[in-house]
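# Structural overview for review
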Amino acid sequence: MVRWGLAAVLVLLAAVPARADQATALQDVKSQPRVLDARMDTSGNMYVLVKPEKAPWGMFAAGLCGVVKPHQGRIFRMRIIEVTQVNNNKPPATWTRLAEADCGR
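Residues numbered from 1 in each chain as written. Predicted model: local features only at pLDDT ≥ 70, side-chain atom pairs only at ≥ 80, totals over all residues. Heavy atoms only, no water.

### What to know about the packing of aromatic side chains
As a reminder, the rule being used: Stacked, tilted and edge-to-face pairs are distinguished by plane angle, under 30 degrees for stacked and over 60 for edge-to-face with tilted covering the rest, among Phe, Tyr and Trp rings (Trp via its six-membered ring) whose centres lie within 6.5 Å. Strands are runs of DSSP state E lasting at least two residues, helices are runs of H or I lasting at least four, and both sets are numbered from the N terminus onward. Under the scheme applied here, a residue whose accessible area is under 20% of the maximum for its type counts as buried, over 50% as exposed, and between as partly exposed, the area being computed with a 1.4 Å probe on protein chains only. By definition here, charges over rings are those cases where NZ of Lys or CZ of Arg is within 6 Å of the ring centre and within 35 degrees of the ring normal.
Within this structure, the stated rule accounts for two aromatic pairs. Between Tyr47 and Trp95, the aromatic rings sit 6.0 Å apart at their centres with planes inclined by 70°, giving edge-to-face as the arrangement. Here Tyr47, found in strand β2 (residues 45-50), pairs with Trp95, found in the loop between β3 (77-82) and β4 (97-102); they are 48 residues apart in sequence, far enough to count as distant. A relative accessible area of 5% places Trp95 in the buried class. Note on Trp57 and Phe60: the rings are 5.4 Å apart at their centroids and 85° apart in plane angle, and the pair reads as edge-to-face. In this pair, Trp57 and Phe60 both sit in helix α2 (residues 57-68), three residues apart, roughly one turn of the helix. Each member of the pair, Trp57 as well as Phe60, carries the same accessibility label: buried. Of note, Arg34 hangs over the ring of Trp57, and the distance from its end group to the ring centre comes to 5.5 Å.

Here is the structure:
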């Protein structure tokens with residue numbers, strides 16, 4: 001019984017740094033030019049909300065992967081969403097994307 005309790009505590013402690021790192025990565029992304037807002041989901045996806053304009057969004061998403069990498073916050077995918085496509089009544093995974101980048105490489 002004691003071993004299971006200790007194991008549960010160790011698992012929780014291991015998860016705390018990743019969440020803290022995600023929070024700092026989120027703040028760093030929010031401070032970037034063109035970013036209106038950013039949100040995380042529990043699967044390691046970051047949704048970055050931008051204005052509706054023509055831009056090389058694929059390159060922008062890849063660049064944001066470089067911004068979050070030093071934080072080591074387990075962010076695997078960067079998804080660029082036009083702010084007019086956000087529907088808070090639906091999950092972020094269903095929102096129409098302008099671009100997406102794989103940050104796990």
